[in-house]
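Descriptive analysis of the structure
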Amino acid sequence: TFLPELKFKTSFSVDLVNYNGHYYSNPLLGQGAEIGGSVTKTNTRTLSYTTSNILTYDKKFGKHHVNALAGHEFYKYDYQTISGTRSQFSLPYYYEPDAASLLGSFSGNSNKLSLLSFLGKVEYDYNNTYFLSASGRADSSSRFAKDNRWGRFWSVGGSWKISNEEFVKSLNVFNQLTLRASYGGQGNDKLLRPNGQPLYYAYQELYRFISLGGEPGTTLEKTSTNNVKWETNLNLNVGLEFAILNNRIKGNIEYFKRKSQDLLFNMPVAPSLGISDYPANIGTIQNTGFEFSLFTTPIKNDNFQWNVDVNLSTLNNKVTKLPGGSLVVGTKLLTVGGSVYDFFIPEWAGVDPSNGKPLWKTVATDASGNSVEGTTSEYSKATKLLQGSALPKLTGGISTSITYKNFDFSGLLTFKIGGKILDTDYTSIMHNGSAGGRAWSAEMLNRWTPENPYTDVPGLSTTTNNWTSTSSRFLYSGTYARLKNVSLGYTLPEDYFEKIGLKKFRIYIQAENL
C-alpha cells in the first residue's frame, strides 16, 4: 500500500462436499427378494464460497492509538441433490441401475442462497487505559424480498483498565481491574420449516408438485410473504475483570441483556387454508442473566500446584411482545410475560384403581363461571396446563487440577439447579403391551392389576390407551450434578527418552461421566 499504516487483504475460500450413495438389496435373499432386488443411487453436492476484501488502518500518535477497518464480503451457497431407484433384477450379482428393469422413484432438488455484506469498525485507545469502539454493517440476504433484503446493524463499546490508574497502583492489590461495556445489534436471517429443514425462500410462494392418477398437479405449500424481514438481536453487556495476589486469584462477572425483536417464526394457521403455517416477524423476547468465573491457585511452589476454577451462570427468559395473544408451539406456550421454555401439556392424574386406565386432569368452566376440575381417561379430552419451565435457575461447573512433581490429577464437576426435562425417549419402553417385540421398563412390573390397584402405571392392554402421550407423567426435575471427567497421570522424566528423540511421555488413566 502507499501508506505503511494502511493494509489491504483479499481472500477467497471454497467449501465443496460431494456425496455419492449406492444402496443395493439382494434379489435372492432377504427383504429385497420380494421385489426382485433393488438399487438406489444418490448424489448430493454442496458448494459454498466466501470472498472478502478488507482495508485496515492502524496508527499510533503518542499515547493515542487508532485502528480502523472497512470491508466487503460475499457468501454464496449452492445445494443440489438427485436420487433414483430401480428394482426387479433379471440376473443376480449385478449392482448398477441398468441391470434392473422397473423404474421406481426419481427425485431431485436444489437450493441457493446469497449474502452480501459491507462492514466497518473503528477502535481507539488512550495510553492503553481507555478504550472505545464502534462498528456498523449492512447485510443483504436473498431469503427476503427486494424491499426488505437489507438489514443494518451497529454496535458501540468501551472499557477502562482501572488497574493502570495511579490511584489503583498505589494500593498494591490489583494485578488487573478492567470495567467494560458494550451495546449493539446483530441480524438473523435463518428460518426453519416445521420439519426442521432450512427455508431459503422466505418471501416466495412455494408449491409442491404431485401426481394424481397419473396426471401432474400442484399444491400450495407456502404463501408469499413479502413483508418478512431480518430479525434483530440487541445485546447489552457490562462486565468487570479482576486479578489479585500475583494473579493467584482471577475472575470476571458479567451482566447481559439480550432483546430479540422481529422474531422469525412460522405462524400456524387453520388447516382449512390448505397450508400449515407461514413465516412472519411476530414479537420480542428478552433474555437476561449473570455469568461469573473464578480462577484460583490456592497452593503453588516448586513441586506442588493446586488450581480450582468455578463458573456460574443464570438465565431468565421473557416474552415481551406477541401479536394475536398466545401461541402454542409443540409442548410450549408463548404468551406475553411468560417464557418460551414454559411447558404447556396435560397434567397426569394417575391410574383409575377400578379399571387400570390412565387418567389426566380436566379443567372446565361451569354456567356460573367457576372453574371445575375433573379427570378423564381419554387423552384427547385432557386440558393442557402450565407445568413449569425447562429453564434452570443456575448452571455451573467446578474444576480442579493438582500437579506434584511428575504426577498430575484433574477433575470436572458440572451441575444444574432447577428446570424440568420432558423425557419422550423413556416412553418407548413404557408401552402397555400394544407394541409387540419392544423392551419394557422395570416400572412395568408395578403395573395395575386387580391385586395391585394403587399404582401410577396403567394395566396391560392389547389396544393403545395413549398413556405414554406427552403429559406431566414424563416430566422430571432437571437438577443434577455429574462428575464429567477425572484424569490421573504420570509423566516420565525427559532424560529417559532423549536418546530416542521423544520430548514427553505421559501415562494416564481417564474416566468420563461418572
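Below or above, wherever it landed, is the structure these notes cover. (Residues numbered from 1 in each chain as written. Predicted model: local features only at pLDDT ≥ 70, side-chain atom pairs only at ≥ 80, totals over all residues. Heavy atoms only, no water.)

**Considerations on the overall build of the protein chain**
Quick reminder of the rule: In this description a helix means any DSSP run of H or I spanning at least four residues, a strand means any run of E spanning at least two, and both kinds are numbered starting from the N terminus. Only C-alpha atoms enter the radius of gyration, while the globule expectation follows 2.2 Å times N to the 0.38, with N the number of residues. Residue contacts are counted whenever heavy atoms from the two residues lie within 4.5 Å of one another. The Shrake-Rupley method, run with a 1.4 Å probe sphere, supplies the accessible areas, and residue values consider only the shown protein chains as cover. Residues counted as positive are Lys and Arg, residues counted as negative are Asp and Glu, and His and the chain ends are not counted. All charge positions are set by atom: Lys at NZ, Arg at CZ, Asp at CG, Glu at CD.
Looking only at helices and strands, the protein chain has 1 helix and 29 strands in total. Taken against the 2.2 N^0.38 rule, which gives 24 Å for 514 residues, the C-alpha radius of gyration of the protein chain at 31 Å runs more than 25% over that of a compact globule. A separation threshold of at least 6 residues defines the contact pool for the protein chain, and within that pool the share at least 24 residues apart is 59%. Accessible surface computed for the protein chain: about 31100 Å², of which carbon and sulfur atoms make up 56%. Each charge class in the protein chain can be summarised by its mean position, and for the 50 positive and 42 negative side chains these summaries are 4 Å apart.

**Some points on the sheet that holds strand E20 (residues 348–351)**
The condition is simple: What makes two strands pair is DSSP finding at least two bridges between them. Comment: axis = line fitted to C-alpha atoms, over the contacting stretch for helices; angle = value between 0 and 180 degrees taken between N-to-C directions.
If you walk across this open sheet you meet the 3 strands as E20-E21-E22, and the pairing is antiparallel. Two strands in the sheet have a free side with no partner beyond their single neighbour: E20 and strand E22 (371–376). Taken over all neighbouring pairs, the strand axes of this sheet differ in orientation by 30° on average, direction set aside. Taken together, the 3 bridges between E20 and strand E21 (residues 358–365) define a ladder with antiparallel strand orientation. When the sheet's bridge partners are listed, Gly-350 is paired in E21 with Leu-359.

**Focus on empty space enclosed by the protein**
Picture a little ball the size of a water molecule; that probe, rolled over the atoms, points out where space is still empty. Note the cut-off: Cavities and pockets are found on a 1 Å grid laid over the protein atoms alone: a cavity is a set of points where a 1.4 Å probe fits but cannot escape, a pocket is an open set with protein on both sides within 12 Å along at least five of seven lines, and a lining residue has an atom within 4 Å of such a point. Grid points are joined across faces, edges and corners, and a volume is the space filled by probe spheres set on the points.
Tallying each qualifying case throughout the model produces 1 cavity of 30 Å³ or more. In this structure, the largest cavity encloses a volume near 30 Å³. Around the largest cavity, the lining residues are Leu-263, Ile-282, Gly-283, Thr-284, Ile-285, Val-319, Lys-321, Leu-322, Leu-334 and Val-340. Mapped onto the lining of the largest cavity, the elements with two or more residues apiece are strand E14 (284–300) and strand E16 (316–321).

**Topic: the pairing of strand E9 (residues 215–222)**
Bridge count for strand E8 (residues 206–212) against E9 is 7 bridges, and the pairing is antiparallel. The residue bridging Phe-209 from the neighbouring strand is Thr-218, located in E9. The antiparallel pairing of E8 with E9 creates a hairpin that spans 2 residues between the two strands, and Gly-213 there sits at a positive phi of about 60°.

**Focus: the nonpolar core**
Put simply, the rule reads: The criterion is simple. A nonpolar core is a set of buried Ala, Val, Leu, Ile, Met, Phe, Trp, Tyr and Cys residues joined through side-chain atoms within 4.5 Å. Only protein chains enter the accessibility calculation, which uses a 1.4 Å probe. A residue is then buried if its area is under 20% of the maximum for its type, exposed if over 50%, and partly exposed in between.
By size, the foremost hydrophobic cluster in this structure holds 15 residues, and its most contacted members are Trp-348, Trp-360, Leu-422, Met-430, Trp-467, Phe-474 and Leu-475. For this core, the elements supplying multiple residues, two or more each, are strand E19 (342–346) and E20. Ranked by size, the runner-up nonpolar core spans 11 residues in total, among them Phe-144, Ala-145, Val-228 and Leu-264.

**Here's the deal with unusual backbone geometry**
Even without being a glycine, Asn-172 presents a positive backbone phi close to 55°. For Asn-172, the location among the structural elements is in the loop between helix H1 (166–169) and strand E7 (174–188). On the basis of relative accessibility, which here comes to 71%, the residue Asn-172 falls in the exposed class. In this structure, Asn-513 is a non-glycine residue whose phi angle is positive, near 50°. Examined against the element boundaries, Asn-513 turns out to sit in the segment after strand E29 (506–512). Looking at Asn-513, the relative accessible area reads 46%, which means it is partly exposed.

**Here we look at the layout of surface pockets**
There is about 740 Å³ of room inside the largest pocket. In terms of lining, the largest pocket is formed by 21 residues, of which the most central are Asn-109, Asn-111, Pro-198, Leu-206 and Glu-221. Only strand E3 (64–89), strand E4 (100–126) and E8 provide two or more residues apiece to the lining of the largest pocket. Looking at the lining of the largest pocket element by element, the count peaks at 5 residues for E4.

**Section: the side chain of Thr-42**
Along the chain, Thr-42 turns up in strand E2 (residues 38–61). Ignoring any residue separated from it by four or fewer positions in sequence, one finds Thr-42 in contact with Tyr-19, Asn-20, Gly-21, Tyr-23, Ile-82 and Ser-83.

**Some remarks on the side chain of Asn-266**
Rules: By the criterion applied in these results, polar contacts are pairs of N or O atoms within 3.5 Å in which, for protein atoms, one can donate a hydrogen and the other can accept it, and in which residues neighboring in sequence qualify only through two side-chain atoms.
Looking at the secondary structure, you find Asn-266 in strand E12 (residues 264–268). By relative accessible area, which is 17% here, Asn-266 ends up buried. Within the structure, the side chain of Asn-266 is placed 2.4 Å from the backbone oxygen of Leu-192, a separation counted as a polar contact. Beyond its immediate chain neighbours, meaning those up to four positions away, Asn-266 contacts Leu-191, Leu-192, Arg-193, Pro-194, Asp-277, Tyr-278 and Pro-279.

**Topic: the environment of Ile-244**
Here Ile-244 shows up in strand E10 (residues 231–244). A relative accessible area of 21% means that Ile-244 is categorised as partly exposed. Spatially, the C-alpha atoms of Ile-244 and Asn-175 are 5.3 Å apart, while their sequence positions differ by 69 residues.

**Some thoughts on the pattern of salt bridges**
Stated precisely, the cut-off is as follows: Salt bridge, as used here, is a side-chain nitrogen of Lys or Arg placed within 4 Å of a carboxyl oxygen of Asp or Glu.
Following the criterion strictly, the structure yields 18 salt bridges and no others. Measuring nitrogen to oxygen at the nearest pair gives 3.3 Å for the salt bridge that ties Arg-180 to Glu-254. Of this pair, Arg-180 sits in strand E7 while Glu-254 sits in strand E11 (residues 249–261), and the two are 74 residues apart along the sequence. Within the structure, one salt-bridge network assembled from shared partners comprises Arg-45, Asp-78 and Lys-112.

**A word on the packing of aromatic side chains**
The cut-off we apply is this: Pairing of aromatic side chains requires ring centres within 6.5 Å, counting the rings of Phe and Tyr and the six-membered ring of Trp. Pairs whose planes differ by under 30 degrees are stacked, by over 60 edge-to-face, and all others tilted.
The full count for this structure, using the stated rule, is 19 aromatic pairs. Both rings, one in Tyr-130 and one in Trp-160, keep their centres 6.5 Å apart while their planes meet at 20°; by these two values the pair is stacked. Of the two residues, Tyr-130 is situated in strand E5 (residues 130–141) and Trp-160 in strand E6 (residues 150–161); the sequence distance between them amounts to 30 residues. Exposure remark for Trp-160: the relative accessible area of 30% places this residue in the partly exposed category.

**Notes on the environment of Tyr-57**
Mapped onto the fold, Tyr-57 is located in strand E2. Each C-alpha atom of the pair Tyr-57 and Val-122 lies 9.3 Å from the other, and the pair is 65 residues apart in sequence. Ignoring sequence-local partners within four residues, the contact set of Tyr-57 consists of Glu-5, Leu-6, Val-66, Asn-67 and Ala-68.

**Regarding the environment of His-431**
Tracing the backbone shows His-431 in the loop between strand E26 (420–422) and strand E27 (475–477). For His-431, a relative accessible area of 8% translates into the label buried. Considering only alpha carbons, one finds His-431 and Leu-460, 29 residues apart in sequence, at a separation of 8.5 Å. Those residues in contact with His-431 that sit more than four places away from it in its chain are Arg-438, Ala-439, Trp-440, Met-444, Trp-467 and Thr-468.

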